[in-house]
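Here is how the chains run, residue by residue.
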Amino acid sequence: EERHMGHASQVLCMAISSDGKYLATGDRNKLIMIWDAATCKRLHIFTGHRDAVSGLSFRKGTHQLYSASHDRCVKVWDVAENAYVETLFGHQDVITGLDSLSRECCVTAGGRDGTVRLWKIPEESQLVFSGHQGSIDCIQLINEEHMVSGADDGSVALWGLTKKKPLALARQAHGEQGTQGLQQPCWISAVAALRNSDLLATGSHSGSVKLWKCGEGFRKLEHLLDIPLVGFVNSLKFSAAGDFLVAGIGQEHRLGRWWRIKEAKNSICIIPLKQKTTASSPESPGSS
């Protein structure tokens, strides 16, 4: 690591500060590296996690960084000061995903402990949400009040931050796989939300990315359309303006080597989203 300017093991997560100044990257070797986003010069290394760093998010409008790890804890850092702030404990299994917006809190997916958690940083308290049957593998905030998560039981859950149970749950959201009698739901490997809108995207290895609408005041998940894509959809992100969706596609699932889809290409796919002229709200892109 001393001789290496970059990471010496797989990079599992990245985050960029909202002012575009800092890039944070986390690796399987427990390290978080801070880079100057403009010059790609490494500025600092944060150490302290005891296992792979699996999630990173800058609090919007600040240089406060949240990190999650397979060591089951969340850490808070002040990137501008190169300082460690605190550690939050609670999850009973590896943390598989983390997200935050402008409030001083973050949300995490706790893998096989079956919980989603909201961490209130100033109070050092947490809210525990449960509703999935399997390992919760991905999570994303939609706005300051709602979030979406996906699990390996094939379900996609829509949550309100004031209720412990899902507001809406789509079971077998990407269908089933396997032969007759041995079917199991396709695992949900990625979720994305167009911030402050009602549009969601989910990914699996079912051959398509699905777009969803949060209906009835976030109490219903309505399937909009399928975008064909071969491979494991290991990450999804909407552009800030909602004019395109980016998908990270792999031959294998990002968390392990259970299956391989040989015909898939390890690639980044950019999917343009065209707005319907009849859309009632300018924030909700209608069709692909």
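All of these numbers come straight from a predicted model, not from anything done at the bench. (Residues numbered from 1 in each chain as written. Predicted model: local features only at pLDDT ≥ 70, side-chain atom pairs only at ≥ 80, totals over all residues. Heavy atoms only, no water.)

Chemist: An account of the nonpolar core is requested, with residue identities and associated values reported.
Modeler: Within the largest apolar cluster, 18 residues are counted, with the highest numbers of intra-cluster contacts made by Ala201, Val209, Leu211, Leu236, Phe238 and Leu245. Those residues within four positions of Leu236 in sequence are excluded, and the remaining contacts are Ala190, Val191, Ala192, Ala201, Thr202, Gly203, Val209, Leu245, Val246 and Ala247. Among the nonpolar cores identified, the runner-up in size contains 17 residues, and Val148, Val156, Val191 and Leu221 belong to it. (Core = buried A, V, L, I, M, F, W, Y, C linked by side-chain atoms within 4.5 Å. Buried < 20%, exposed > 50% of the residue type's maximum accessible area, 1.4 Å probe, protein only. Contact = heavy atoms within 4.5 Å.)

Chemist: Before we move on, could you go through the pattern of salt bridges and cite the residues and values that matter?
Modeler: The final tally for this structure, using the stated rule, is eight salt bridges. Across the pair Glu145 and Arg103 runs a salt bridge, and its minimum N-O distance is 2.7 Å. A residue pair is termed long-range when its members are at least 10 positions apart, and Glu145 in the loop between β13 (136-141) and β14 (146-151) and Arg103 in the loop between β9 (97-100) and β10 (105-109) qualify at 42 residues. The class for Glu145 is partly exposed, based on a relative accessible area of 36%. (Salt bridge = Lys/Arg side-chain N within 4 Å of Asp/Glu carboxyl O. Helix = DSSP H or I, 4+ residues; strand = E, 2+ residues; numbered from the N terminus.)

Chemist: Please provide a residue-by-residue account of the sheet that holds strand β24 (residues 244-250), values included.
Modeler: Strand order in the open sheet formed by three strands is β23-β24-β25, with antiparallel pairing between adjacent strands. Two strands in the sheet have a free side with no partner beyond their single neighbour: β23 (232-238) and β25 (267-272). Taken over all neighbouring pairs, the strand axes of this sheet differ in orientation by 25 degrees on average, direction set aside. When β24 meets β25, the two strands line up antiparallel, connected through six bridges. Across the sheet, the residue bridging to Leu245 is Ile271, located in β25. (Pairing = 2+ DSSP bridges. Axes fitted to C-alpha atoms, helices over the stretch in contact; angles between N-to-C directions.)

Chemist: Residue-level account of the pairing of strand β4 (residues 41-46), with values.
Modeler: Sheet topology note: the strand β3 (residues 32-36)/β4 ladder contains five bridges and is antiparallel. Bridge assignment links Asp36 to a residue of β4, and that residue is Lys41. Connecting β3 to the antiparallel partner β4 that follows it, the hairpin turn spans four residues, and Cys40 within it adopts a positive phi of roughly 60 degrees.

Chemist: Can you break down empty space enclosed by the protein residue by residue, with the values?
Modeler: The final tally for this structure, using the stated rule, is one cavity of 30 Å³ or more. Put simply, the largest cavity is a space of about 30 Å³. Considering the residues around the largest cavity, the lining is formed by Arg103, Cys105, Leu118, Leu141, Asn143, Glu144 and Leu161. Along the lines of polarity and charge, the residues of the lining of the largest cavity split into four nonpolar, one polar and two charged. (1 Å grid on protein atoms, 1.4 Å probe; cavity = no way out; pocket = protein on both sides within 12 Å on 5 of 7 lines; lining within 4 Å. Points joined across faces, edges and corners; volume = space filled by probe spheres on them. Nonpolar A, V, L, I, M, F, W, Y, C, P; charged D, E, K, R; others polar.)

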